[in-house]
Amino acid sequence: MAGNGLAKGLPAVALIVFVMLVVLLRMSPTTVPLSELTTASPSYTVRFIAIGDFGARNIPNNKQLEVAALLTNVSQSFHPLFIVSTGDQVYSSGITSDQDPLLQHVFEGVYTHKSLQIPWLVNIGNHDCLGDVPAMLAYARKSNKWHMPARYYTEEFSLTHERAKSDGSNVMRIIVLDTCDLVCGAAAINPRCETTMKVVVGGNKVQYKWLEQQLAKPAVWKIVVGHWPVFSFLGNGPTEELFDELLPMLRKYNVHLYLNGHDHNMQHVVSKATPLPHFVVSGAGGFPIHAELKPYALPRGLAQAELRHKEPDFGFVTVEASEAALQLQFVTLNNGPGYSFTIPRDAR
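Residues numbered from 1 in each chain as written. Predicted model: local features only at pLDDT ≥ 70, side-chain atom pairs only at ≥ 80, totals over all residues. Heavy atoms only, no water.

1. A few points about the sheet that holds strand S5 (residues 153-158)
Alright, step 1. As summarised here, the arrangement of the seven strands in space is S5-S6-S7-S8-S10-S9-S11, forming an open sheet in which the pairing is mixed. Strands at the two margins of the open sheet, each flanked by one partner only, are S5 and strand S11 (305-311). The mean angle between the axes of side-by-side strands here comes to 20°, regardless of whether they run parallel or antiparallel.
Alright, step 2. Bridge count for strand S9 (residues 266-271) against S11 is six bridges, and the pairing is antiparallel. (Pairing = 2+ DSSP bridges. Helix = DSSP H or I, 4+ residues; strand = E, 2+ residues; numbered from the N terminus. Axes fitted to C-alpha atoms, helices over the stretch in contact; angles between N-to-C directions.)

Structure, rendered in structure tokens:
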């Protein structure tokens, strides 16, 4: 019987050890810390793609497979180091266990190209927290792509050929929030909060304390990811539950970029009060588009914001970070690579 050529002639004990190593390598998800991932870019920029609200393959009129094809095409030339998910990985009510068939149907079985076999920084969306959130964490221990070490977490990436420095002088810090808790774990007045959501009542206070500690650390770039928007001119509209605590904290610590999903479209919004942060809605990964504000949306907070650009279309955002600037570009099904803007390092 034909066997592995490398194993021919090995002593019995060595052969057993060899086979065990092969099995372990095939079974175990990657254990390389995200901070040690390296970019192929010769100029040493860190590239990633932000996409959300994509796990909609089982929803009528969805475009998940079409967006996945576009994502594959772009990734082959853009070479992202990782993907940032802005939430709602699985519609309509999350997963029931870490063996839920939906994980294969709307995630593993969709994003199959080798260019997408990279870490996906998973973020809890409102549909996800209708399901089993601990199962989401458990699945991260099994999957090579699904990266979710906790309900909320921080990842750091070096912008140079050196490792990330403790003084933050070459660091891009990405902070992934659990906005289910921030929005629905408090007063829960948001119309999208449901009694069956798996939230930690009062957990918003603990998370805000943790967030301030993370934001206080120095970094070249500070990027915060949540599912619910702070400002949004389409779909569910702005999230007033985030105005009193999250928004002042983002401003106080000069966060450069807040990425979110929840609204199924693409938007670039800025605050009239301060130049930072920039707010980008990237929730157009496949669920049917929100082209207008919903009837129940509360647009009061939009008076303090300015809409720079909107696209009621399916797609995602590419982000390229260097020591000098963040460059963002919207990529949509109808327009391909289109609207773009730059955040300079000295923006304040």
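From this point, the narrative continues.
2. Description of the nonpolar core
Alright, step 1. Grouped together as the largest cluster of nonpolar side chains are 95 residues, with contacts concentrated most on Phe82, Trp120, Met172, Ile174 and Val230.
Alright, step 2. Tallying contributions element by element places helix H2 (residues 64-78) first for this core, with six residues.
Alright, step 3. With residues near it in sequence (within four places) discarded, Phe82 still touches Val46, Arg47, Phe48, Ile49, Ile118, Pro119, Leu121, Phe157, Met172 and Ile174. (Core = buried A, V, L, I, M, F, W, Y, C linked by side-chain atoms within 4.5 Å. Buried < 20%, exposed > 50% of the residue type's maximum accessible area, 1.4 Å probe, protein only. Contact = heavy atoms within 4.5 Å.)

3. Points about the packing of aromatic side chains
Alright, step 1. In this structure the tally under the stated criterion is 16 aromatic pairs.
Alright, step 2. Between Tyr111 and Trp120, the ring centres sit 4.7 Å apart and the planes meet at 45°, which makes this aromatic pair tilted. Of the two residues, Tyr111 and Trp120, both sit in the buried class.
Alright, step 3. Every member of this aromatic cluster is reached through a ring pair, and the members are Phe54, Phe107, Tyr111, Trp120, Tyr139 and Trp146.
Alright, step 4. The lysine or arginine in question, Arg47, covers the ring of Phe78, its NZ or CZ lying 5.2 Å from the ring centre. (Phe/Tyr/Trp six-rings, centres within 6.5 Å; stacked < 30°, edge-to-face > 60°. Lys NZ or Arg CZ within 6 Å of the ring centre and 35° of its normal.)

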